[in-house]
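Structure assessment
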Amino acid sequence: RDGAWLPYRGVGEQPLRQANDGAGPGGASWNAFFFYHPFKGRFDANHARCPVTSKTLEGLPGLCRRELVLFSALRPGSIVPPHCGPFNGRLRVHLALTGSRGCYLRVGTQIREWEDGKVLAFDDSFEHQVCHAGQEVRVVLMMNILQPGVRPSVVDQFSLTNPVRYVEGEAD
């Protein structure tokens, strides 16, 4: 963790917004701190606020910078409804930072619980869902990386030609 990463210290006291996921009252309450966004590009101010995280991200081979890279905070009791990513050329990666106990990810028929300090990576083109039955706000560093053998130009081209696949508020 970054010493400069202050937005999620005490996140339980910060208002988490209702995600625009169509799930109604049982939906996900979450907050996001973006480093990259497909519509908005690079968030220079956020990189400056988190220099260690930024340096680490910039050194990751295969990081998809035209896609979502963010800290994602999810409130206990939240359910992110089943959904699928549109493209199997990348892997969604979550580095669990805090509040993982009792927070589960289902990909297809497999269910995994996040563990603080550990990575979960999955092909988000498979149906997946999140259920947070824990007691603390779960915070992950979320990013996409290239599937082995996929050239960056393929993902960049897909991201540029399929912008409608993203909705404001997508962050699981």
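Residues numbered from 1 in each chain as written. Predicted model: local features only at pLDDT ≥ 70, side-chain atom pairs only at ≥ 80, totals over all residues. Heavy atoms only, no water.

Describing the side chain of Ser54
Along the chain, the position of Ser54 falls in helix α2 (residues 51-58). A distance of 2.6 Å separates a polar atom in the side chain of Ser54 from a polar atom in the side chain of His47. (Helix = DSSP H or I, 4+ residues; strand = E, 2+ residues; numbered from the N terminus. Polar contact = N/O pair within 3.5 Å; in protein donor to acceptor, adjacent residues only side chain to side chain.)

Notes on the nonpolar core
Counting residues in hydrophobic clusters, the biggest one holds 17 residues, and the most contacted among them are Leu70, Leu74, Leu105, Trp114 and Val130. Counting only elements with at least two residues in this core, the list comes to β2 (29-37), β4 (69-74), β7 (103-107), β9 (119-122) and β11 (138-146). (Core = buried A, V, L, I, M, F, W, Y, C linked by side-chain atoms within 4.5 Å. Buried < 20%, exposed > 50% of the residue type's maximum accessible area, 1.4 Å probe, protein only.)

What about the packing of aromatic side chains?
With the rule as written, the count across this model stands at 4 aromatic pairs. With a centroid separation of 5.7 Å and an interplanar angle of 25°, the aromatic rings of Phe34 and Phe43 are classed as stacked. Taking relative accessible area as the criterion, Phe34 reaches 14% and is therefore assigned buried. Given the relative accessible area of 24%, Phe43 is considered partly exposed. Both rings, one in Phe35 and one in Phe71, keep their centres 5.3 Å apart while their planes meet at 70°; by these two values the pair is edge-to-face. Note that Phe35 is positioned in strand β2 and Phe71 in strand β4, a separation of 36 residues in sequence. Both residues of the pair, Phe35 and Phe71, belong to the buried class. Members of the aromatic cluster, connected to one another through ring pairs, are Phe33, Phe35 and Phe71. (Phe/Tyr/Trp six-rings, centres within 6.5 Å; stacked < 30°, edge-to-face > 60°.)

Concerning the confidence of the model for the protein
Across the protein, pLDDT averages 77, with 72% of residues at or above 70. A low-confidence stretch, residues 1-26 (pLDDT under 50), is modelled with 59 contacts involving residues beyond four sequence positions or located in other chains. (pLDDT = per-residue confidence, 0-100. Contact = heavy atoms within 4.5 Å.)

Observations concerning the sheet that holds strand β5 (residues 79-83)
Where strands meet in a sheet, backbone hydrogen bonds hold them as pairs that are either parallel or antiparallel. With antiparallel pairing, 4 strands are arranged side by side in an open sheet as β5-β10-β7-β8. Every other strand in the sheet has two partners, leaving β5 and β8 (110-113) as the edge strands with one partner each. Averaged over all neighbouring strand pairs, the angle between strand axes comes to 15°, with direction disregarded. With 5 bridges joining them, β7 and strand β10 (residues 128-132) adopt antiparallel strand pairing. Across the sheet, the residue bridging to Arg106 is Gln129, located in β10. (Pairing = 2+ DSSP bridges. Axes fitted to C-alpha atoms, helices over the stretch in contact; angles between N-to-C directions.)

Thoughts on the pattern of salt bridges
This structure, assessed with the given rule, holds 8 salt bridges. Close ionic contact of Asp44 with Arg42 constitutes a salt bridge, the shortest N to O distance being 2.5 Å. Look at Arg42 and you get partly exposed, because its relative accessible area is 38%. Between Arg65 and Glu58 there is a salt bridge, and its shortest N-O distance comes to 3.3 Å. (Salt bridge = Lys/Arg side-chain N within 4 Å of Asp/Glu carboxyl O.)

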